[in-house]
Amino acid sequence: MDSSTTSQANPAGASAPEGAGQMSIRTRDVDLFYGDFQALFGVSVDIKPNIITSLIGPSGCGKTTLLRSFNRINERYGNVTTRGTIEILGKNIYDADVSLPELRKSVGMVFQRPNPLPISIYENIIFGLRSHTPKPELGRRGDLDDIVESALREVQLWEVTKNRLKDRATTLTLEQQQKLCIARLLPLKPQVILMDEPCSALDADGIERVEELISELRERFTIVMVTHNMGQAKRASDECIYMYLGKIIEHAPTAELFLNPREEQTAMYIEGRYG
Amino acid sequence: MADGKTSSIRALGSRLLDRAEPLIKGVIYVSGWSSILFVAAIFFFIFKEAAPVLSSVDWGSFFFENRWIPNPADENKAPSYGAAGIIYGTFAITVVSMLIAMPLGLAAAVYISEFATGKTKEILKILVELLAAIPSIIWGFIGLVIMSPIIQWVFGVEVGVNLFNASLMVAFMAIPLIVSISEDSLRAVPDSYREAALALGASRWEMIYRVLFPAAKNGLLAAAMLGVGRAVGETMAVWMASGGTEQFGLLFDRVKAMTATIASEMKDTAHGDEHYQMLFVIGIVLLIICVIINVLSDLVIKGVKKKHS
Ligand SMILES: Nc1ncnc2c1ncn2[C@@H]1O[C@H](COP(=O)(O)OP(=O)(O)O)[C@@H](O)[C@H]1O
Ligand SMILES: [Mg+2]
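Numbering of residues begins from 1 in every chain and follows the order in which that chain's sequence is written. All chains are assigned letters beginning at A, and all ligands numbers beginning at 1, according to the order in which they are written. With the structure being a predicted model, the display of local features is reserved for residues of pLDDT at least 70 and the display and counting of side-chain atom pairs for 80 or more, all residues being used for whole-chain, interface and lining totals. The side-chain quantities take in all heavy atoms of the structure and omit both hydrogens and water.

J.: I tried to follow the confidence of the model for chain B on my own but got confused; where do I start?
T.: Caution applies to low-pLDDT regions: their predicted coordinates should not be interpreted in detail. This prediction gives chain B a mean pLDDT of 90; 96% of its residues lie at or above 70. The complex prediction reports pTM at 0.83, with the ipTM value standing at 0.87. Across the chain, each position has a pLDDT score giving the predictor's confidence in that residue, from 0 to 100.

J.: Looking at this structure, how should I read the sheet that holds strand S3 (residues 52-56) of chain A?
T.: Sheet strands pair by backbone hydrogen bonding; their relative direction is either parallel or antiparallel. Residue and element names in this part refer to chain A. Overall, mixed pairing links the six strands, which are arranged S6-S7-S8-S3-S9-S10 in an open sheet. Two strands bound the open sheet, and with one partner strand each, they are strand S6 (107-110) and strand S10 (247-253). Adjacent strand axes in the sheet meet at a mean angle of 20 degrees when their direction is disregarded. Two residues qualify as a contact provided that any one of their heavy atoms is within 4.5 Å of a heavy atom in the partner residue. Every angle, taken between N-to-C directions, lies between 0 and 180 degrees, and every axis is a line fitted to C-alpha atoms, over only the stretch in contact when it is a helix. Counting from the N terminus, the helices are DSSP H or I runs at least four residues long and the strands are E runs at least two residues long. Docked against the sheet, helix H7 (residues 204-217) engages S3, strand S7 (192-196) and strand S8 (222-226), running at close to 150 degrees with respect to S8. Note on pairing: two strands pair once DSSP finds at least 2 bridges between them.

J.: I keep staring at the nonpolar core and nothing clicks. Help me out?
T.: Only buried residues count toward a nonpolar core. Its members are Ala, Val, Leu, Ile, Met, Phe, Trp, Tyr and Cys residues joined through side-chain atoms within 4.5 Å. Remark: exposure states derive from per-residue accessible area (1.4 Å probe, protein chains only) relative to the maximum for the residue type, with buried under 20%, exposed over 50%, and partly exposed in between. With 118 residues, the main nonpolar core has Phe70, Leu152 and Ile182 of chain A as its most contacted residues. What Leu152 of chain A contacts, discounting residues up to four positions off in sequence, is Ile121, Ile125, Leu157, Trp158, Thr161, Leu165 and Leu180 of chain A. Counting 25 residues, the second-largest nonpolar core is a separate cluster that includes Ala222, Met225, Leu279 and Val285 of chain B.

J.: Is there a simple way to think about the site of ligand 1 in this case?
T.: All names here are of chain A. Around ligand 1, the structure places Tyr34, Phe37, Ala39, Ser59, Gly60, Cys61, Gly62, Lys63, Thr64, Thr65 and Tyr77. Whenever a nitrogen or oxygen atom comes within 3.5 Å of another N or O atom, the pair is scored as a polar contact, on the condition that within protein one atom can donate a hydrogen and the other can accept it, and that pairs from neighbouring residues in sequence are kept only if both atoms are in side chains. Here an oxygen atom of ligand 1 and a backbone polar atom of Gly62 are 3.1 Å apart. Surface exposure here means Shrake-Rupley accessible area, sampled with a 1.4 Å probe, where a residue is shielded only by the protein chains that are shown. Contact with the protein chains hides 64% of the accessible area of ligand 1, taken as 560 Å² for the molecule alone. Mapped onto the shell around ligand 1, the elements with two or more residues apiece are strand S2 (37-47) and helix H1 (63-69). Nearness is defined per residue: one heavy atom within 4 Å of the molecule or strand is enough.

J.: Honestly, the packing of aromatic side chains in this entry has me stumped. Any pointers?
T.: Ring pairs (aromatic) are described by centroid distance and by the angle formed between their planes. The criterion for an aromatic pair is that two Phe, Tyr or Trp rings (for Trp, the six-membered ring) have centres within 6.5 Å, with stacked assigned to planes under 30 degrees apart, edge-to-face to planes over 60 apart and tilted to the rest. Going through the model one piece at a time under the given rule, you end up with 16 aromatic pairs over all chains. Each ring, one from Phe62 of chain B and one from Phe63 of chain B, has its centre 5.1 Å from the other, and the planes form 90 degrees; the classification is edge-to-face. When its relative accessible area of 1% is taken as the criterion, Phe62 of chain B is described as buried. By the ring-pair criterion, three or more aromatic residues cluster together here, those being Trp59, Phe62 and Phe63 of chain B. The rule is short: NZ of Lys or CZ of Arg within 6 Å of the ring centre and within 35 degrees of the ring normal puts a charge over the ring. The ring of Phe41 of chain A carries the charged tip of Lys247 of chain A above its face, separated from the ring centre by 4.7 Å.

J.: It is not clear to me how the pairing of S10 of chain A should be interpreted in this structure. Could you clarify?
T.: Across a regular strand the side chains alternate sides, sitting on one face of the sheet and then on the other. Residues and elements named next belong to chain A. In terms of residue burial, S10 counts as a mostly covered element, since six of its seven residues are buried. Where strand S9 (residues 239-244) and S10 come together, six bridges link them in antiparallel fashion. In the strand pairing of S10, Tyr244 is matched with Lys247. Taking the residues between adjacent antiparallel strands as the criterion, S9 and S10 are bridged by two residues, where Leu245 takes a positive phi near 50 degrees.

J.: Can you help me understand a negative patch on the surface in this one?
T.: A grouping of Asp203, Asp205, Glu208, Glu212, Glu216 and Glu219 of chain A is seen on the molecular surface, where their side chains present a negatively charged patch. Position of Asp205 of chain A relative to the elements: it lies in helix H7. Like-charged residues within 9 Å of one another, or nonpolar side chains (Val, Leu, Ile, Met, Phe, Trp, Tyr) within 5 Å, are grouped into patches, provided each residue has over 30% relative accessible area and no salt bridge. Think of a salt bridge as a Lys or Arg side-chain nitrogen and an Asp or Glu carboxyl oxygen that are within 4 Å of each other. Two residue types count as positive, namely Lys and Arg, and two as negative, namely Asp and Glu; His and chain ends fall outside the count. One atom stands in for each charge, and that atom is NZ of Lys, CZ of Arg, CG of Asp or CD of Glu.

J.: For this particular structure, what's the right way to read the pairing of S3 of chain A?
T.: Residue and element names in this part refer to chain A. Buried residues dominate S3, accounting for five of its five residues. Taking every second residue as pointing to the same face, both faces of S3 are buried, with Ile52, Ser54 and Ile56 on one and Thr53 and Leu55 on the other. Strand direction decides the pairing type here: S3 and S8, joined by four bridges, are parallel. Counterpart to Ile52 in the pairing with S8 is Ile223. With four bridges connecting them, S3 and S9 associate as parallel partners. Bridge pairing in S9 links Ile56 to Tyr242.

J.: Any chance you could explain unusual backbone geometry here in plain terms?
T.: Residues and elements named next belong to chain A. One non-glycine residue, Lys189, adopts positive backbone phi at about 50 degrees. Examined against the element boundaries, Lys189 turns out to sit in the loop between helix H6 (174-183) and S7. With phi around 50 degrees, Leu245 is a residue other than glycine that occupies positive phi space. With respect to the helices, strands and loops of the structure, Leu245 is situated in the loop between S9 and S10.

J.: Help me out: how do you make sense of the domain arrangement of chain B in this one?
T.: A common way to report how large an interface is uses the accessible area buried once the components associate. Domain annotation of chain B identifies domain 1 (2-46) and domain 2 (80-308). Between the C-alpha centres of domain 1 of chain B and domain 2 of chain B the distance comes to 39 Å. Boundary definitions for the domains trace back to an automatic or database domain assignment.

J.: Could you clarify how one ought to interpret empty space enclosed by the protein in this entry?
T.: Where empty space is left in the structure can be found by rolling a water-sized probe over the atoms. Residues and elements named next belong to chain B. Both cavities and pockets are sets of points on a 1 Å grid over the protein atoms alone; in a cavity a 1.4 Å probe fits but cannot get out, in a pocket the set is open with protein on both sides within 12 Å along at least five of seven lines, and lining residues sit with an atom within 4 Å of a point. Grid points are joined across faces, edges and corners, and a volume is the space filled by probe spheres set on the points. If you walk through the whole model with that rule in mind, you get one cavity of 30 Å³ or more. Computed from the structure, the largest cavity encloses a volume of approximately 30 Å³. Taken together, Thr90, Ile93, Ala231, Val232, Glu234, Val238, Ala257 and Thr259 make up the full set of residues lining the largest cavity. Note on residue classes: Ala, Val, Leu, Ile, Met, Phe, Trp, Tyr, Cys and Pro are nonpolar, Asp, Glu, Lys and Arg are charged, and everything else, Gly too, is polar. The residue inventory of the lining of the largest cavity, partitioned by class, reads five nonpolar, two polar and one charged.

J.: What exactly am I supposed to notice about the sheet that holds strand S1 (residues 25-34) of chain A here?
T.: Taken together, four strands build an open sheet; the order of strands is S2-S1-S4-S5 (chain A) and the sheet is antiparallel. Two strands close off the open sheet at either side, each with one partner strand: S2 and strand S5 (91-92) of chain A.

J.: Mind showing me how you'd approach the interface of chain B and chain A here?
T.: Taken together, the contact between chain B and chain A spans 17 residues of the former and 24 residues of the latter. Summed over both partners, the accessible surface that disappears when two parts come together, traced with a 1.4 Å probe, is what is meant by buried area. Both sides together, the interface formed by chain B and chain A hides about 1800 Å², and carbon and sulfur atoms give 60% of it. The largest contributions to the chain B side of the interface with chain A come from Glu195, Leu200 and Arg210 of chain B, which together make up 39% of the buried area. Across the contact surface, chain B and chain A share three salt bridges.

J.: I would appreciate a short explanation of the side chain of Ser24 of chain A in the present structure.
T.: Inspection of the secondary structure assignment puts Ser24 of chain A in the segment before S1. For Ser24 of chain A, a relative accessible area of 1% corresponds to the buried category.

J.: Can you help me understand the pattern of salt bridges in this one?
T.: For side chains bearing opposite charge, pairing can occur when the charged atoms are close. All names here are of chain A. Summed over the entire model, instances satisfying the criterion amount to 30 salt bridges over all chains. A salt bridge links Arg72 to Glu75; its shortest N-O distance comes to 2.6 Å. Residue classification places Arg72 among the buried positions, given a relative accessible area of 12%. Glu75 sits in the partly exposed class, given a relative accessible area of 28%.

Quick look at the structure:
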């Protein structure tokens, strides 16, 4: 897609990359099968760094599937076959020498339902660090405390949790849980954050605040967000990818895609929802 | 016409049901209370059989002396009922069998719930159920006839029926129980926890011991507790594979358990004599141990439910 040439309409146009080679995620001809069922068809897409890209499309069109192939968490299901290449920061993540823990360290994921681990708030934040750092290098208690504090501050949870860091994370409200799920990615310093309908379990206030938070994060991360909410895609994202039946139909700056869709199907989808 | 008929039949049916309702209620009520009644009755009869001797039992000797001589060879000597060696036997078999069964059972549960897929998983679960269905007399037989010579040969010991053999048989009997309950509790851990851990870059093993085990902790504890209950109460296999000598035996020594003592000596008693009553005293102690284990595991399982709701 040559969407980078039409970036005037892009609200984050200023921060869009000049060199088109500097893509954060670059897929080529990705086919994905669940057993015999093909869920993705020849997906080739370039996702730019430091912006929010939304994946939109009707339910069952493969948004979650595509997102979950970016950190290879799809493979849990055992019956998944992926063909084609997915390069993240220049490296094909389906190469044999790729380490899954390393990949997932740099490609974080936020799920549709907040899923904090059934351990303390504190331990949730450093769970990833513990996995990725040999024990002796993990640092002293004080360092960890600082890491936890700054991660929680970044998601505006510090004030409400600072006196209950030892509480189970599952005692937080859904909104707080989802923020925690974002915060626990930060100590790993990921480059990409994948979000699968991150607000769908929240109420209106929660949606607004989590959207705000995601917006603030865009400057430091590549964010790919699945959403079924057109309003959210319009408000929160810089570029949109419209998918239908496992194919990419259109990829354009958000404003352009909504105002002036190139494809008939995109227009129908947008109008269907908003007509 | 037909309509009228069916409706009148229906009316009759419902009238019958109205009549029957108190009866049905009564049956359910009685069944519910009868289970409590049975438990009470069991306690009552066991205490009743032991009652005459309870006041005269030398408890110090019973618990701390290893002199179980109900029928002294010398007619003039008084019988002695020091059960420490027998109580030790039950304790030792329980500990050793759990040391074998818990790691193996847990490992098998983890394998079935987290690694095996499709056919393998189904087959393994069926095998575990089959293992649970083997009667304990068969295990005793295996211990006596198959395991005993193997132990003699492998470890170069003189006696093959010993603490180790009995513990091994009890372990085999407890493993299916431990596997199925552990597997249930691992499966009950929401998949979202697994995805959260994996997506943060944890390896599968890390996910298992840092997330699944803590999350399934209560269920795993309950499994262990029920395993212990199984080990304490097992009679037949223990009788056949333990060697039957009351002593503070080590791993390859003969030992004797409380259950096996009762089962094997009952035939030597006359109904109501002192030996008979002392066997019931052992029964009481056993019953109390089992009740404690059950109550503990119940509390643990309740803990699980509270957390999940
Ligand atoms: N684990 C799975 N096994 C088999 N089919 C699946 C699996 N996950 C998703 N699918 C199928 O793949 C298609 C795309 O699903 P998904 O990516 O979840 O769509 P979306 O997120 O856009 O709603 C759907 O037809 C769905 O039924
Ligand atoms: Mg989805």
